[in-house]
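# A closer look at the structure
In case you want the letters, here they are:
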Amino acid sequence: MNLNRRKFIKRLIAAVVSIEAFFLIKNGISTKTPLTEEEKLISVGNAELFMNNKTYPFVTNHFYLRRFKDGGFMAFSVKCTHLGCVVNINSNTGGFNCPCHASQFNEFGDVISSPATRPLDTYPIIVKNNELWVDITKATTRTTFDKSQLTYI
Ligand code: FES
């Protein structure tokens, strides 16, 4: 009887260890499926709908779309490059202000007031049949603005 109890306890421990191992292995293997093309590219609509010299929030998708005076577009990450707070549009300047530690960025996303030390990241904009798509999987870090970063239709 005593031997049966030992066997039972050994088997119970083996079963618990097996179940634990199963979940450890299962959770260790990534079950995330890669984003589909539709999930990577966010459609923001027809380019003609956006007025020059205005910034449009797409905060759910974590970016601001700006159309500049010359018609060029940029998509800025909403994340402050200091510690990642969500920046707000400064309606007076067309730039961006961070509510956390008061960093300020101009309309091109360049830093005009620290503690942030580098410009806002940007996302590629793809134009398909006059429709704008933003690729939210490819944030680009920059050292400063230059005209090559603009997208034109
Ligand atoms: S997180 Fe923006 S200034 Fe600190």
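Residues numbered from 1 in each chain as written. Predicted model: local features only at pLDDT ≥ 70, side-chain atom pairs only at ≥ 80, totals over all residues. Heavy atoms only, no water.

The chain has the name Rieske (2Fe-2S) protein in an unreviewed UniProt entry, where Plebeiibacterium sediminum is given as its organism. For the chain, the Cofactor (unreviewed entry) comment in UniProt is given as "[2Fe-2S] cluster". (UniProt positions renumbered as here; feature names shortened; annotations may be inferred.)

Below, the discussion takes up the side chain of R66. With respect to the helices, strands and loops of the structure, R66 is situated in strand β3 (residues 63-67). A distance of 2.7 Å separates the side chain of R66 from the side chain of T55, its partner in a polar contact. Ignoring any residue separated from it by four or fewer positions in sequence, one finds R66 in contact with N53, K54, T55, G72, F73, M74, F76, G94 and E107. (Helix = DSSP H or I, 4+ residues; strand = E, 2+ residues; numbered from the N terminus. Polar contact = N/O pair within 3.5 Å; in protein donor to acceptor, adjacent residues only side chain to side chain. Contact = heavy atoms within 4.5 Å.)

Take the sheet that holds strand β7 (residues 104-105) next. Taken in spatial order, the 4 strands make up an open sheet running β5-β6-β7-β8, and their pairing is antiparallel. Each edge of the open sheet carries a strand with a single partner, namely β5 (88-89) and β8 (111-113). (Pairing = 2+ DSSP bridges.)

Turning to the sheet that holds strand β10 (residues 125-128), a few remarks are in order. Read from one edge of the open sheet, 3 strands run β1-β11-β10, paired in antiparallel fashion. Looking at strand neighbours, the two that pair on one side only are β1 (41-46) and β10, the edges of this open sheet. Going across the sheet, the axis of each strand differs from the next one's by a mean of 25 degrees, ignoring polarity. Two strands pair when backbone bridges link them, and β1 and strand β11 (residues 131-135) are joined in this way by 5 bridges, in the antiparallel orientation. Directly across from I42, in β11, lies its bridge partner V134. (Axes fitted to C-alpha atoms, helices over the stretch in contact; angles between N-to-C directions.)

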